[in-house]
Amino acid sequence: MKTLVMKFGGTSVGGAPAVTQAAAIVMEQAQAWERLVVIVSAMRGGPRERGVTDALIQGARTAASGDGQTYPALVTDLRVKHTLAVAELLADADERTALLKALDAYLDEFAVFCHSVQVLGEVTPRAMDAISSLGERMNARIVAARLRQDGLRSEAVDATELIVTDRRFQQAAPLMDLTRARTQARLLPLLEAGVVPVVTGFIGATEDGITTTLGRGGSDYSASILGAALDADEVWTWTDVDGVLTTDPRIVPDARVIPVLSYSEVGELAYFGAKVLHPKTISPVVERGIPLWVKNTFNPTCPGTRIVREPESTPGTVKAVSAIKGLSMVNVEGRGMMGVPGIAARTFAAVASQGASVLMISQASSEQSICFVIPTDAVAGVIAAIEEEMALELARRDIDRVWSMDDVVIVTAVGAGMRSTPGVAARLFGALAQKQINVVAIAQGSSECSISLVVAADQATEAVRQIHAEVINGK
Ligand code: ADP
Ligand code: ASP
Ligand code: MG
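Residues numbered from 1 in each chain as written. Chains lettered and ligands numbered in written order. Predicted model: local features only at pLDDT ≥ 70, side-chain atom pairs only at ≥ 80, totals over all residues. Heavy atoms only, no water.

Enquirer: Tell me about the overall build of the protein, and name the residues and values.
Expert: A count of helical and extended segments in the protein gives 15 helices and 17 strands. Viewed in the frame of its principal axes, the protein has a C-alpha envelope of about 75 × 55 × 40 Å. Buried positions account for 53% of the 475 residues belonging to the protein. Taking as baseline every contact in the protein between residues at least 6 positions apart, the subset at least 24 positions apart corresponds to 76%. With the model as given, the accessible surface of the protein reaches about 19,700 Å², and the carbon-plus-sulfur share is 52%. Counting 43 positive and 53 negative side-chain charges, the protein places the averaged centre of each group 2 Å from the other. (Helix = DSSP H or I, 4+ residues; strand = E, 2+ residues; numbered from the N terminus. Buried < 20%, exposed > 50% of the residue type's maximum accessible area, 1.4 Å probe, protein only. Contact = heavy atoms within 4.5 Å. Areas by Shrake-Rupley, 256 points an atom, 1.4 Å probe, with all protein chains shown as cover. Lys, Arg positive; Asp, Glu negative; His and termini not counted. Charge placed at Lys NZ, Arg CZ, Asp CG, Glu CD.)

Written out as structure tokens, the structure reads:
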């Protein structure tokens, strides 16, 4: 039985015209595949617009700070937005009334949650997940209703019934064995009956049924989790660009679509800031070798990007460049560190104690410094933790200081063809030197298909453009 899992991102189902287009794509694929599962995000008007999820989060945050005005206004905005879409999408009065009633119930829930948050004066991660999950719940119902109108048998399904996660609210990880069992038990009977389930992206639930979310942009991850759970033949994510591009089109408007990438190449790109796929999307499909496609809802005849196990590479070529912002580089320095075993291990244990994730590490070969890059909002806690751990070394002056360089960006060049090809780093440095861009640190990804450079934030855009122009386009 050929199974396809397709996910539509926020702009791809961001209003009546987009939903109409997405529904046409679903209708077409429903003819071509024996089993089809659709996953949807919450609505987002356009690539640069604030989406429904952002509005829900804003409602919760403002309520927590004691503001009782903003969330009711947001409820009104969201009601107008969803009602307009439903009015345009559905002709049948009964379907429309039933759907609007369901949407109203979710919006009332939003208002009640925000009111409680305001009374309590804080929003816990668990409450935030309950609130931010509402956009997907509303949109899954809208899309399923539209598909029914188009003549397909379709039913909205909450991923809380399918994806079982741990209790790390806002950043939950799936428990794959349980997820597989529940997904198959709930979806297979529908699929066998020829029904197309429309599942909420982004969300899951703990074993005891408390709503969690997989992290911002997590609907891509939902698609690959469900693809793996159903042993799908392919997973497609539909978005608002032609596929994975050579770089962020908001930085370089003439970025080109990359026809084929390997899991590790796209994994590096996503990890280092390419928003087109959530960084965790790759891992569930890798094990089973399920091909992943990224396609454009608004240009469906363009084949998009195919992501598979084996890289297709020409030696020495760089395929794409990405950038990730909001970072700081922490330095642990001192001549007395040389040859002392365990300094690096203790440093990173201190970092881990703060729950900070390290994006990149580089150590000077003289062993006189360790430097690593972390999100800026974790810096104060991390430096304090290292200073405490190294109190003795600092007192003895084996370590001179622990400090951070803020406002840095990691720019990452990706391409399997870079593997064991000398000279790629030199070409990257050369391209940046032409524009007097200083490289603060460098590291090579463990998969050997990426090189990351740290540059000052105010030079990052220029750095990406320069690498795109000189190294990717210039070859
Ligand atoms: P969706 O809502 O469909 O998940 P996202 O906004 O999350 O869409 O991701 C798609 C966006 O990612 C594109 O509109 C583009 O601006 C941005 N982007 C950043 N880097 C890349 C890249 N290398 N290739 C394609 N898109 C990218
Ligand atoms: N709607 C969620 C978000 O805005 C998930 C997603 O779009 O993938 O983060
Ligand atoms: Mg996305």
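Enquirer: Summarise the pairing of strand S16 (residues 441-444); cite the residues concerned and give the values.
Expert: On S16, burial follows the alternation: Ala 441 and Ala 443 on one face are buried, whereas Ile 442 and Gln 444 on the facing-out side are not. Pairing of S16 with strand S17 (residues 450-456), which is carried by four bridges, proceeds in the antiparallel orientation. Following the sheet pairing, Ile 442 is matched in S17 by Leu 453. (Pairing = 2+ DSSP bridges.)

Enquirer: So what's going on with the pattern of salt bridges? Which residues, and what values?
Expert: Inspection of the entire model under this criterion finds 22 salt bridges. Put simply, Asp 104 and Arg 79 hold a salt bridge, and the shortest N to O gap is 2.7 Å. Placement of the pair is Asp 104 in helix H4 (residues 93-120) and Arg 79 in helix H3 (residues 70-89), with a sequence separation of 25 residues. In this structure Asp 104 comes out as partly exposed when scored by relative accessible area, which is 31%. The salt bridge involving Arg 141 is made with Asp 158; its shortest N-O contact spans 3.2 Å. Remark: Asp 158 occurs in the loop between strand S3 (154-157) and strand S4 (164-165) and Arg 141 occurs in helix H6 (residues 134-149); sequence separation between them is 17 residues. For Asp 158, a relative accessible area of 10% corresponds to the buried category. A single network of salt bridges, built from pairs that share partners, joins Arg 79, Asp 104 and Asp 108. (Salt bridge = Lys/Arg side-chain N within 4 Å of Asp/Glu carboxyl O.)

Enquirer: Which residues make up the site of ligand 2, and what are the values?
Expert: If you check the shell around ligand 2, you find Ser 41, Thr 53, Glu 136, Phe 202, Arg 216, Gly 217, Gly 218 and Ser 219 and nothing else. Here an oxygen atom of ligand 2 and a side-chain polar atom of Arg 216 are 2.7 Å apart. Note that an oxygen atom of ligand 2 is positioned 3.0 Å from one of the backbone N or O atoms of Ser 219. A breakdown of the residues in the shell around ligand 2 according to their chemical character gives one nonpolar, five polar and two charged. (Near = heavy atom within 4 Å. Polar contact = N/O pair within 3.5 Å; in protein donor to acceptor, adjacent residues only side chain to side chain. Nonpolar A, V, L, I, M, F, W, Y, C, P; charged D, E, K, R; others polar.)

Enquirer: For the packing of helix H14 (residues 424-433) against helix H15 (residues 460-473), give the residues involved together with the corresponding values.
Expert: At a closest axis distance of 9 Å, the pairing of H14 and H15 adopts a crossing angle of 120°. Classed by the angle they form, the pair H14 and H15 counts as oblique. As H14 packs across H15, the resulting crossing turns out to be right-handed. Listed contacts from H15 to Arg 427, Leu 428, Ala 431 and Leu 432 of H14 are Ala 463, Gln 466, Ile 467, Glu 470 and Val 471. Looking at the contact of H14 with H15 residue by residue, the class counts come to six nonpolar, one polar and two charged. (Axes fitted to C-alpha atoms, helices over the stretch in contact; angles between N-to-C directions. Parallel < 35°, antiparallel > 145°, perpendicular 65-115°, else oblique. Left-handed = near helix turned anticlockwise from the far one by under 90°.)

Enquirer: Could you give an account of the environment of Val 408, naming the residues involved and the relevant values?
Expert: You can see Val 408 is positioned in strand S15 (residues 401-414). It is 25 Å that separates the C-alpha atoms of Val 408 and Met 390, two residues lying 18 residues apart in sequence. Discounting residues that sit within four places of it in the chain, Val 408 has contacts with Gly 326, Leu 327, Ser 328, Met 329, Val 454, Val 455 and Ala 457.

Enquirer: Give me the lowdown on the packing of helix H2 (residues 52-64) against H3, citing residues and values where you can.
Expert: Between H2 and H3, the shortest axis-to-axis distance is 9 Å and the interhelical angle comes to 160°. As summarised for this structure, H2 and H3 are arranged roughly antiparallel, according to the angle between their axes. For the pair H2 and H3, the sense of crossing is left-handed. Residues Val 52, Ala 55, Leu 56, Gln 58, Gly 59, Thr 62 and Ala 63 of H2 form the contact with H3, whose own contacting residues are Thr 70, Tyr 71, Leu 74, Leu 78, Lys 81 and His 82. Looking at side-chain class alone, the contact of H2 with H3 contains seven nonpolar, five polar and one charged residues.

Enquirer: Could you give an account of the nonpolar core, with specific residues and numbers?
Expert: In this structure, Met 6, Phe 8, Val 26 and Phe 110 are the most contacted members of the largest nonpolar core, which totals 56 residues. Per-element tally for this core: the top contributor is H6, with eight residues. With 39 residues, the next largest nonpolar core counts Val 199, Phe 202, Val 235 and Ile 258 among its residues. (Core = buried A, V, L, I, M, F, W, Y, C linked by side-chain atoms within 4.5 Å.)

Enquirer: Which residues make up the sheet that holds strand S12 (residues 320-333), and what are the values?
Expert: Read across the sheet, six strands follow the order S13-S14-S12-S15-S17-S16 without closing on themselves; strand pairing throughout is antiparallel. The outermost strands of the open sheet, each flanked by one partner alone, are strand S13 (360-363) and S16. Each adjacent strand pair in this sheet contributes to an overall mean axis angle of 30°, direction not counted. Sheet topology places S15 next to S17; seven bridges connect them, and they run antiparallel.

Enquirer: Requested: an account of the site of ligand 1, with residues and values cited.
Expert: Around ligand 1, the structure places 18 residues, and the nearest of them are Arg 44, Thr 239, Asp 240, Leu 245 and Lys 275. In this structure, an oxygen atom belonging to ligand 1 sits 3.0 Å away from a main-chain N or O atom of Gly 10. Taken together, the residues of the shell around ligand 1 break down into seven nonpolar, five polar and six charged.

Enquirer: Describe the packing of aromatic side chains, listing the residues and the values that go with them.
Expert: Inspection of the entire model under this criterion finds five aromatic pairs. Here Phe 8 and Trp 238 contribute two aromatic rings whose centre-to-centre distance is 6.0 Å and whose plane-to-plane angle is 10°, an arrangement assigned as stacked. Highlighted residues: Phe 8 in strand S1 (residues 3-8) and Trp 238 in strand S8 (residues 234-239), separated in sequence by 230 residues. Here the two residues Phe 8 and Trp 238 agree in accessibility, since each one is buried. Taken together, Phe 8, Trp 33, Trp 236 and Trp 238 form an aromatic cluster joined through their ring pairs. The positively charged end of Lys 295 is found above the aromatic ring belonging to Trp 236, 4.7 Å away from the centroid. Across the ring face of Trp 293, the terminal group of Lys 295 is positioned such that the distance to the ring centre comes to 4.7 Å. (Phe/Tyr/Trp six-rings, centres within 6.5 Å; stacked < 30°, edge-to-face > 60°. Lys NZ or Arg CZ within 6 Å of the ring centre and 35° of its normal.)

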